[in-house]
Structure formats: structure tokens, C-alpha cells
There are 2 protein chains.
Amino acid sequence: MTRQELINQIKEKKTFLCVGLDTDIKKIPEHLLGEEDPIFAFNKAIIDATAPYCVAYKPNLAFYESMGVKGWISFEKTIAYLNEKYPNHFIIADAKRGDIGNTSAMYARTFFEEIKLDSLTVAPYMGEDSVSPFLQYEGKWVILLALTSNKGSHDFQLTEDKDGERLFEKVLRKSQEWGNKDNMMYVVGATQGKMFEDIRKIVPDHFLLVPGIGAQGGSLEDVCRYGMNKDCGLIVNSSRAIIYADKTENFARVAGEEAKKVACQMAELLRPIL
Amino acid sequence: MTRQELINQIKEKKTFLCVGLDTDIKKIPEHLLGEEDPIFAFNKAIIDATAPYCVAYKPNLAFYESMGVKGWISFEKTIAYLNEKYPNHFIIADAKRGDIGNTSAMYARTFFEEIKLDSLTVAPYMGEDSVSPFLQYEGKWVILLALTSNKGSHDFQLTEDKDGERLFEKVLRKSQEWGNKDNMMYVVGATQGKMFEDIRKIVPDHFLLVPGIGAQGGSLEDVCRYGMNKDCGLIVNSSRAIIYADKTENFARVAGEEAKKVACQMAELLRPIL
């Protein structure tokens, strides 16, 4: 999906919500456990119920890998379902990969050519040759970790160098030598509040993928106040607060209602730029 | 496996070689492609041929994931085979994972409880809560990326902070608040030469996992000169130079011979501490 197509989707649907498919067999409604593939059955129902209210889906690979071979089958079925039935939704694999060049190239082939995702989260620690192989695919995206939503983000990401540049700022600046606003986004946690201002000084036009509203406590209003640009420039993710909003047979309907609530807030917040 | 058990293995077998099982369907001998599971057939033959000459195996997960569901099956079969037939070999999943706490906890369960690996490589960018969940398992290890073997290691890992501390040094120092020499190792590329001296100032007793000899050009002698400690403290990995040394029906025998050559060099290099 191109940048312009993504912007069009956001403006048409008046939402920049991403639904996080962090599907955990221990948390899905009990009545699904009798299904042949409970994880896929859950995802399919959640997707059908939330699709009108979001522009993106983000399965976190850890949740699928934790189930071994079965999990990979559920993951691949979920992506195939999205590609077939909802081709206008942007698909993010939250994988946080990053390895030496020839290994990253292998990951890129897997995720972009075989599984047909739009984008992948990548960790920057290993530098350029761990990131560049993902940038060779037309219409595909790297979403680089910059300033994450967790407590541990303070351990290294905020370290200032001799010139006062913090590590996440260096990641933002340096990575622009490798990619651009048409093939690179950045992960910035919703819990980072005013830091979005500093980030927008370095990447005014790039899209930011923002986890951390809902269960992790970030504020959607703050994210928009400090992080939105004229194209929106935000994809805001919510996982647990939507997909586990209800654990009965009504789970999908309730998830849809929760997604709709967030989308309504987002429509308001988008007004100034529409 | 405990630290002492690992040291005993190294001293008894006079080798600190790790064989990297970076198994690529495009590079294995053609005659294996008719097997039901060519990747596992290759791994099994390589393992049987090299086991006397190494103390560890390191499958890089990217190579298995790139084959989707089939790849995961081959990976799990390989680990099960190692655990059953070679319980004294240390098993490293080169996964370079690292995510927010609850997700890292999920990875830890998968890799340590279900697949029964000894250790996992982890990327440090997200800080403490992305690493700590892996440290809760008795006899299991985190191998944290510190100074990697690739060109991109210069992009961020060498960045000096205000006090002149480089990022990889901060990773080494800070992570000692989370783990210790009994449950944490560090990845340091063989291509880093004299930098091992600086690393040993911060982590004199920890084991280092050293990729980058062979195809990537690092020197085993330099690694030992600057990085070995009284317990050896090194696990040196070679992948391509061993497992793809021959592409005929003799591939396993030749791989065994290559591993033996490296092990002979290692026995010499170990002499001063035995």
C-alpha cells in the first residue's frame, strides 16, 4: 500500500485506528475452543466486526509463535483472510526483527513476498544493513522502533550523546539516509506524551505507529495534540482494550462497539485536517 | 545448562565451537530435496557429523521462519533431536527478540518451556522489561546483543554518550543490573578484534557468543587473544563455512572435517587455561 492510499483510507473512513491482533488462546472466549482453529476463528470474527472502524491490523508475532506450528498456521490464515477480504486495510506484522544483512533479506522475502504483509516492525540496534533489505520492496514498509511505550524505553533510547542528541533521535535522523516517508514509519509509544513534539521536529512528514493507548495507559488526545500532521501521520494501535472487551458469545459485537467508540473520537480529532 | 556444566564441556572436549544451523533450502545438497523434510534431514546429518567437535548449536530462526509452517516443523524437530540425542550440547535460538514485558514473557515460555532451548539471543533496544522475563528460568540464558559483527554495528552501537561511554558499553554495564554471569551472555562479533579488550573490562567473567568467523571474516586468534578468560568465556560460532563446505552426498562428512579443523585450532588456543 502506498502512502497516498493510506492517507486516502484515513480521510475517507475518518479513523486512524489499528486493531492489534494479540490473540492469546488463554484469553479468548471459551466457546471458541471447540473450533478447529480457535485463534483464526477469533481473529476472523474480530476483523469482520472492527473492519469499518479501523485502517490497519497488527498481529504481534509473539502471540502466534508461542503456539508453535499451530500458531503459524493461524497467523498465515489470518493474513490470507485480510488480503482477500479487506485489501484496503494496512497489515503490520509486529515482529521487531533485525539481523545481519543476509538474514534480514530472508525475513523480508518471507514477510513481504510469501505472507504478503504491508509492513514489519524492525529493531534498529544492528544498524543500516539490518534495515535496508526490507526497503527494497515497492509499496512495502519498515516500521522502525524509535521511542517505545514500555518502561524500559528509558534504559537506552533516551541516552544523550556528546552533542545532546538522544538515541531515539539519532535513530530517526540516521535512518532517513536509508529510507524515506514513502517506505518508512516509526514506532512511538502513546505513553511518551510531549515527546511527540521533539519527534515531529525530526520527522515532520513520516507516519508514526503508536501503540500504548488503552491497557498501557497512553492518551489519544495527547498523541494527536503533539503528533498529528496535515496528513494525519498517525496509526494508533489498540489491542487488549478492543479484542478482549468481552469474553462471552458477544465478544465480536462488543469489540466492534469498542472500535467504533475509538473511531468516533478519532473522527473528532481529525476534523482540523479534513 | 548451568555455567559450570558449559565450562566442563568446553574443557573436556577442548572446543568452544558452536555450529550455526542457518539451513537454507536453496543451499543444501540436491539429493536431500527428495526427503520428506529436507531441512531436518540436513540438520540431523550435520549434527551427527559435528557433535564431537562442538559444544553448542545455534539455529538462526530467520532461516526456518522463511519457510513458514514447514520451517517451524523442521525447527522443532531439530531441537527435539538435539535434546534427545545430544543433551550435553548447549542450544541457542538466534532469534534477536525483544518486546514489551508481557510479550517477552510469552516468547520466554515458548522458547524455554515448550521448545526447550537453553538460550535465546535478545535485542537490547527496548530495555529492562523486554529482557527480564527471559531471566526467570533456572538454567536458561539470555544472550544480549552488545557489539555485533555486521557493518551496521557502527551506526548506533558505537555512539558515545556525554561521559564517553559507548552504547554497547552501556548495554553491557546496565544489563548487569538485570542478570549475572550465570544467566546472561553477550553477542560480540568476531570482526571486532581489539574491542574485546574493552568488553572484558566491563564483563570479565561473562560468556561471549561470537559470530563472524569464517564467511564474515573475523579472526579466531584475535578473538582469543583479546577475549578469552580463565574459563574460556567464549562460544565461537561458524555457520556457512562448516555446513556448506560441500554440496555433494559427502556434505556431512566434509562438514565434520571442517568442524574438526576449527576444534583443533581451538584446542591449541585453549592450552594456556587447561
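Shown above is the structure to which this text applies.
Source: prediction; values computed, not measured. (Residues numbered from 1 in each chain as written. Chains lettered and ligands numbered in written order. Predicted model: local features only at pLDDT ≥ 70, side-chain atom pairs only at ≥ 80, totals over all residues.)

## Considerations on the overall build of chain A
Point 1. Of the regular secondary structure elements, chain A holds twelve helices and eight strands.
Point 2. The C-alpha radius of gyration of chain A comes to 18 Å, within 12% of the 19 Å expected for a compact globule of 274 residues.
Point 3. Dimensions of chain A, computed from the C-alpha atoms along their principal axes, are close to 60 × 45 × 35 Å.
Point 4. In chain A, which comprises 274 residues, the share counted as buried stands at 55%. (Helix = DSSP H or I, 4+ residues; strand = E, 2+ residues; numbered from the N terminus. Rg over C-alpha atoms; globule rule 2.2 N^0.38 Å. Buried ≥ 20, exposed ≤ 12 C-beta atoms within 10 Å, placed from the backbone.)

## Let's talk about the nonpolar core
Point 1. A:L17 and B:L17 are the most contacted members of the largest nonpolar core, which totals 187 residues.
Point 2. Among the elements that line this core, the one with the most residues is helix α12 (residues 251–270) of chain A, at nine residues.
Point 3. If sequence neighbours within four positions are ignored, A:L17 has contacts with A:Y53, A:C54, A:V55, A:V236, A:S238, A:A259, A:V262, A:A263 and A:M266. (Core = buried A, V, L, I, M, F, W, Y, C linked by C-beta atoms within 7 Å. Contact = placed C-beta atoms within 7 Å.)

## Considerations on the sheet that holds strand β4 (residues 119–122) of chain A
Residues and elements named next belong to chain A.
Point 1. Here eight strands make up a closed barrel; going around it, the order is β1-β2-β3-β4-β5-β6-β7-β8 and the pairing parallel. The average angle at which neighbouring strand axes cross in this sheet is 30°, direction not considered.
Point 2. Pairing analysis gives four bridges linking β4 to strand β5 (residues 141–147), with the strands arranged parallel. Bridging from a neighbouring strand, V122 pairs with L144 of β5. (Pairing = 2+ DSSP bridges. Axes fitted to C-alpha atoms, helices over the stretch in contact; angles between N-to-C directions.)

## Some words on the sheet that holds strand β5 (residues 141–147) of chain B
All names here are of chain B.
Point 1. Strand order in the closed barrel made by the eight strands is β1-β2-β3-β4-β5-β6-β7-β8, with parallel pairing throughout. Sheet twist, expressed as the mean angle between neighbouring strand axes with direction ignored, is 30°.
Point 2. Pairing analysis gives three bridges linking strand β1 (residues 17–20) to strand β8 (residues 234–238), with the strands arranged parallel. Residue C18 lies in a different strand from β8, and its bridge partner there is N237.

## What about the environment of B:Q9?
Residues and elements named next belong to chain B.
Point 1. Summarising the element assignment, Q9 is placed in helix α1 (residues 3–13).
Point 2. When the 18 C-beta atoms within 10 Å are taken as the criterion, Q9 is described as partly exposed.
Point 3. Separated by 119 residues in sequence, Q9 and E128 have C-alpha atoms that sit 31 Å apart.
Point 4. Those residues in contact with Q9 that sit more than four places away from it in its chain are V55 and N88.

## Description of the environment of B:L209
All names here are of chain B.
Point 1. Within the secondary structure, L209 is located in strand β7 (residues 208–210).
Point 2. C-alpha of L209 to C-alpha of V188: the two residues are 21 residues apart in sequence and 6.2 Å apart in space.
Point 3. In contact with L209, not counting residues within four places along its chain, are I92, I143, M185, V187, I235 and N237.

## Considerations on the relation of the copies chain A and chain B
Point 1. Once turned by 180° and shifted 0.0 Å along the axis, chain A lies on chain B with an RMSD of 0.0 Å. What the superposition gives is, in effect, a two-fold axis relating one chain to the other. Relative to the rotation axis, the C-alpha of A:D161 is the closest in chain A, positioned 1.9 Å from it. (Least-squares fit on C-alpha atoms with pLDDT ≥ 70 in both.)

## Some points on helix α9 (residues 195–202) of chain B
All names here are of chain B.
Point 1. Of all the residues in α9, the buried ones are M195, F196 and I199. Looking straight down α9, one finds that the buried residues subtend no more than 100° of arc, so they occupy a single side. Opposite the buried face of α9, at more than 90 degrees from it, the exposed residues are E197 and K201.
Point 2. For α9, the elements touching its buried residues are β5, α8 (167–175), β6 (184–188) and α10 (220–227). (Arc of directions from axis to C-beta.)

## Observations concerning the packing of α9(B) against α10(B)
Residue and element names in this part refer to chain B.
Point 1. Interaxial distance between α9 and α10 falls to 8 Å at its minimum, and their mutual angle equals 35°. You can see that α9 and α10 cross each other, and the crossing is right-handed. Between α9, through F196, E197 and R200, and α10, the contact on the second element is made entirely by V223, Y226 and G227.
Point 2. Grouping the constituent residues of the contact of α9 with α10 by class yields three nonpolar, one polar and two charged. (Left-handed = near helix turned anticlockwise from the far one by under 90°. Nonpolar A, V, L, I, M, F, W, Y, C, P; charged D, E, K, R; others polar.)

## Points about the interface of chain A and chain B
Reports of interface size often rely on the accessible area that becomes lost once the parts have come together.
Point 1. Between chain A and chain B, the residue contacts involve 49 residues of the former and 49 residues of the latter.
Point 2. Within the residue set of the side of chain A that touches chain B, elements represented by two or more residues are α3 (61–65), α4 (68–85), β3 (90–97), α5 (101–114), α6 (128–131), α7 (153–156) and α8 (167–175) of chain A.
Point 3. Examining the composition of the side of chain A that touches chain B, we find that seven residues originate from one element, α5(A), more than from any other.
Point 4. Of the residues assigned to the side of chain A that touches chain B, the class counts are 16 nonpolar, 17 polar and 16 charged.

## Quick word on α1(B)
Residues and elements named next belong to chain B.
Point 1. Listed as buried for α1 are L6, I10 and K13. All buried residues of α1 fall inside an arc of 90° around its axis, so they share one side. Across from the buried face of α1, at angles greater than 90 degrees, the exposed residues are Q4 and E12.
Point 2. The elements touched by buried residues of α1 are β3 (90–97).
Point 3. Just past α1, the residue K14 takes up positive phi, approximately 55°.

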